[in-house]
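Examination of the molecular architecture
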Amino acid sequence: MSAGASHSRLLIKGGKIVNADRTFEADIYIENGIIQQIGKGLMIPGGAQEYDATGKLVMPGGIDTHTHMQLPFMGHRAVDDFYTGTKAAIAGGTTMILDFVLDQKNVSLIEAYNKWRGWADPKVCCDYSFHVGVTWWSEQVKEEMATLVKEHGVNSFKMFMAYKDVFMLPDHDLYEVYKQCRNIGAIAQMHAENGDVIAHEQKRMLELGITGPEGHELCRPEDVEAEAVLRAIMISNRVNCPMYIVHVMSKSSAKVIARARREGKVVFGEPIAACLGTDGTHYWHKCWRHAAGHVMGPPLRPDTTTPGYLMDLLANGDLECTGTDNCTFSGNQKALGKDDFTKIPNGVNGVEDRMSVIWEKGVASGKMDENRFVAVTSTNAAKIFNLYPRKGVIAVGSDADIVVWDPEATRTISAKTHHQAVDFNIFEGMVCHGVTLCTISRGKIVYQDGKFNVSAGDGKFIPRKPYAPYVYKKIDCRQKTHDPVKVEREPYTGPVATLPDENGVPKTPDTPRSRNLHHATSIGAGGQHVNLANDSTHPSTRVMAPPGGRSTFSLF
Ligand code: URQ
Ligand code: ZN
Ligand code: ZN
């Protein structure tokens, strides 16, 4: 049977299908990259390739919400490009990456988008899409955001509160960007750290002679992240814009997100494989290269309870989906910062190991079941970024992006055996339950038993429409409760002070105090209350002195 024909017909039989909502035994028939039938004893056309998944789990392929393949950054370029990065993704059970168009200030977003498409399209081995970075603000940027949504299948824009003078935007611009995101049905993503404080603290650490990777965490402890998370949520909530906090790296920031969600704010938190699988104690490792290999922003946290805490919130729904922020630099590139930690290119690996790390630390550890695993590694991302149900579920009509998973097998993670281009692995030596047996990308077996069957450019750019229902139905509901309403009141006709002249002397003395100027109802704590005992017009009214103490105004 020719590869073409067998490629277009595939029967996966005997497996246990795991979606976010349920687990059930059934066979899957795929034709031309689409799931055509799910069930037992299927009647299918002849000539289909068969894969025996008996005793294994059959899950939607992972969706990595956050990668930076071949990113030009801090004077270098990330070593995993769109070919090696997507190949490694496939080996780990991920069948789609969401990468970032991320260019400098004053560069057209459309030009940047076209440049990144030119890099990715010829190389990707699995499907992908782009978030677009907004690193500057102008009327042009505003219009280009709308064009990207209308004409280029973008529905997510990423902003930075960190990387001062490089990607960072000030709050007043962020307010405008969020307003535009809301207006065009997009989701706003935020790298939340206080970039101004980091800049000062980097200087202070270097002045103290702290030049090693430990300085990277010391200059931006988790308060610096959590404050920015709160600020990003506060600003976006003012304009009712959905907020997606990328790489949630700390307990403090996760708590801020959890509280905001309980207050009804439309906020999504994305922990990454790195902070779910390891911690920031590595920055204090005596081997400089080992310590520097963990440098990313925001940093991994030295609080060793962080990974377990974040996994608990991922399991219970306070955190929503997972990415990797895969942005890999070799040890020699990291050594650019051997004398100054601020020059260590920021970024770590994860795209190949995310699924196994989360299975080991989340499912094997007993914190979540296999359905929640699928939700946080695939389905929720598809829903947030409006890919669902094309992606993120095993259902008739969906793309046949599938991973056959062996939950009992184990593998030891190592840079010596991983398929990524980078020569360092932050999970080095970690033994994980949960091994990819077979990865299927739009109906093609692209990885099986350790062997690839990929061609560069096989992957496709997947456009995404705005107004993702999973996000914007919430936004629309909140809009009803969100808009401020003015108080209808009679025009004020009482005395008004005159402005002082150029010598600061009031032109006419204030008119004598007259009675009953205020008709206030008692509106709660904060100030002195004075009863208008003899006020015939408002017998029950109580006068509220301004909060913070007795006003000079008095009736008695
Ligand atoms: O900040 C990001 O997400 C990019 C620039 C990758 N680097 C990193 O350290 N996270
Ligand atoms: Zn970031
Ligand atoms: Zn990133």
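Residues numbered from 1 in each chain as written. Chains lettered and ligands numbered in written order. Predicted model: local features only at pLDDT ≥ 70, side-chain atom pairs only at ≥ 80, totals over all residues. Heavy atoms only, no water.

With distances of 2.1 Å, the protein atoms coordinating the zinc ion (ligand 2) are His 191 (ND1) and His 247 (NE2). Around the zinc ion (ligand 2), the 4 donor atoms sit at angles spanning 58 to 148 degrees, and that spread fits a shape best called irregular. If you look at the zinc ion (ligand 2) and the zinc ion (ligand 3), they sit 3.5 Å from each other. Here His 247 lies in the loop between β15 (243-245) and α9 (251-262) and His 191 lies in strand β14 (residues 187-191), a separation of 56 residues in the sequence. (Donors = N, O, S within 2.8 Å, 3.2 Å for Na, K, Ca; no water. Tetrahedral: all angles 85-135°; square planar, octahedral: opposite > 155°, others 65-115°. Helix = DSSP H or I, 4+ residues; strand = E, 2+ residues; numbered from the N terminus.)

This paragraph deals with the packing of helix α8 (residues 222-238) against α9. Taken N-terminus to C-terminus, the directions of α8 and α9 make an angle of 20 degrees; their axes are 7 Å apart at the nearest point. One finds that α8 runs roughly parallel with respect to α9. Like other packed secondary-structure pairs, α8 and α9 cross with a definite hand, here right-handed. In this structure, α8 uses Glu 222, Glu 225, Ala 226, Val 229, Leu 230 and Ile 233 to contact α9, whose residues at the interface are Lys 251, Ser 252, Ser 253, Val 256, Ile 257, Arg 259 and Ala 260. (Axes fitted to C-alpha atoms, helices over the stretch in contact; angles between N-to-C directions. Parallel < 35°, antiparallel > 145°, perpendicular 65-115°, else oblique. Left-handed = near helix turned anticlockwise from the far one by under 90°. Contact = heavy atoms within 4.5 Å.)

This brings us to the sheet that holds strand β5 (residues 34-39). Taking strand neighbours across the sheet as the criterion, the 4 strands line up as β5-β4-β1-β6 in an open arrangement whose pairing is mixed. With one partner strand each, in any of the chains shown, β5 and β6 (49-52) form the two edges of the open sheet. For this sheet the average axis-to-axis angle between neighbouring strands, irrespective of direction, equals 20 degrees. Strand direction decides the pairing type here: strand β1 (residues 9-13) and strand β4 (residues 27-31), joined by 4 bridges, are antiparallel. (Pairing = 2+ DSSP bridges.)

Attention shifts here to the pattern of salt bridges. Where charged atoms from two side chains of opposite charge come close, those side chains can pair. As enumerated under the stated definition, the model contains 33 salt bridges in all. Where Glu 263 meets Lys 265, a salt bridge forms, and the shortest distance between an N and an O atom there is 2.7 Å. The exposure class assigned to Glu 263 is partly exposed, which follows from its relative accessible area of 40%. A salt bridge links Glu 428 to Lys 416; the nearest nitrogen and oxygen atoms lie 3.9 Å apart. Of this pair, Glu 428 sits in the loop between β17 (402-412) and β18 (431-441) while Lys 416 sits in the loop between β17 and β18; the two residues are 12 residues apart in sequence, bridging distant segments of the chain. A residue is classified by how much of its surface remains accessible, and Glu 428, at 39% relative accessible area, is partly exposed. The class of Lys 416 is exposed, set by a relative accessible area of 75%. Among the charged side chains, a network of salt bridges with common partners joins Asp 127, Arg 390, Lys 391, Asp 399, Asp 401 and Arg 442. (Salt bridge = Lys/Arg side-chain N within 4 Å of Asp/Glu carboxyl O. Buried < 20%, exposed > 50% of the residue type's maximum accessible area, 1.4 Å probe, protein only.)

What follows is about the coordination of the zinc ion (ligand 3). Octahedral metals with six donors have ideal donor angles of 90 or 180 degrees. Tetrahedral metals with four donors have an ideal donor angle of 109.5 degrees. The coordination sphere of the zinc ion (ligand 3) contains the protein donors His 66 (NE2), His 68 (NE2) and Asp 325 (OD), at a distance range of 1.9 to 2.3 Å. Given 4 donor atoms and angles of 84 to 139 degrees at the metal, the environment of the zinc ion (ligand 3) is assigned as irregular. All donors of the zinc ion (ligand 3) belong to a single chain; written as a sequence motif, their spacing is H-x1-H-x256-D.

This next bit is on the packing of helix α3 (residues 109-120) against helix α4 (residues 139-152). Packing of α3 against α4 leaves a shortest axis separation of 9 Å and a crossing angle of 40 degrees. When the interaxial angle is binned, α3 and α4 end up oblique. Residue-level contacts link Leu 109, Ile 110 and Tyr 113 of α3 to Val 141, Glu 144, Met 145, Thr 147, Leu 148 and His 152 of α4. Partitioning the contact of α3 with α4 into residue classes produces 6 nonpolar, 2 polar and 1 charged. (Nonpolar A, V, L, I, M, F, W, Y, C, P; charged D, E, K, R; others polar.)

Geometric values such as these leave the question of function open.
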